[in-house]
Amino acid sequence: MTTNISTTQWQYLEPNNSSWRKQFRFKGQRLLPSTVYFTMQTEDMTLNEAAYNWDLSVEQISEAIAYCEANQNLLQQDADIEHQYLLVRGVELEPKTTH
């Protein structure tokens, strides 16, 4: 899938200029659309539940989902950069096994 981060197509999202991340954020907030998108998947949340959880409109949630689905490569790039950042700093990302 190609990366499509045109600012003109997103009503509720804007570039995240204050961060190393390339993905957009909700206008006037630090909340990332990927946070909403992946939490909705993990927690099996509906649009209404997500809107209530983050105090956003259903339209904002729908836009976050559309953005994430249109920009999977970009989200993966951000995740890869964050993963490397944590590894370099010695953060253990895998749970320790106990015997």
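Structure shown above.
A.B. asks: Describe the side chain of R21, with residues and values.
C.D. replies: Relative to the helices and strands, R21 resides in the loop between β1 (13-14) and β2 (25-26). Engagement of the side chain of R21 in a polar contact is seen with the side chain of E82, the distance being 3.2 Å. Among all residues touching R21, those that are not within four sequence positions of it are N16, L32, D78 and E82.

A.B. asks: With reference to specific residues and values, describe a nonpolar patch on the surface.
C.D. replies: On the surface, L87, V91 and L93 cluster together into a nonpolar patch covering about 210 Å² of accessible area. The exposure class assigned to V91 is partly exposed, which follows from its relative accessible area of 38%.

A.B. asks: Would you mind going over the nonpolar core in detail, with residue names and values included?
C.D. replies: In terms of nonpolar packing, the biggest core is built from 20 residues, with F26, V36, M40, W54, I61 and Y67 touching the most fellow members. For this core, the secondary-structure elements that each account for two or more residues are α1 (33-43), α2 (47-54), α3 (58-70) and α4 (72-88). It is α3 that provides the largest number of residues to this core, a total of five residues. Aside from chain neighbours lying at most four places away, what touches W54 is L31, T35, V36, T39, M40 and M45.

What counts, and where the lines are drawn
- Residues numbered from 1 in each chain as written.
- Predicted model: local features only at pLDDT ≥ 70, side-chain atom pairs only at ≥ 80, totals over all residues.
- Heavy atoms only, no water.
- Helix = DSSP H or I, 4+ residues; strand = E, 2+ residues; numbered from the N terminus.
- Polar contact = N/O pair within 3.5 Å; in protein donor to acceptor, adjacent residues only side chain to side chain.
- Contact = heavy atoms within 4.5 Å.
- Patch = residues over 30% accessible without salt bridge, like charges linked within 9 Å, V, L, I, M, F, W, Y side chains within 5 Å.
- Areas by Shrake-Rupley, 256 points an atom, 1.4 Å probe, with all protein chains shown as cover.
- Salt bridge = Lys/Arg side-chain N within 4 Å of Asp/Glu carboxyl O.
- Buried < 20%, exposed > 50% of the residue type's maximum accessible area, 1.4 Å probe, protein only.
- Core = buried A, V, L, I, M, F, W, Y, C linked by side-chain atoms within 4.5 Å.

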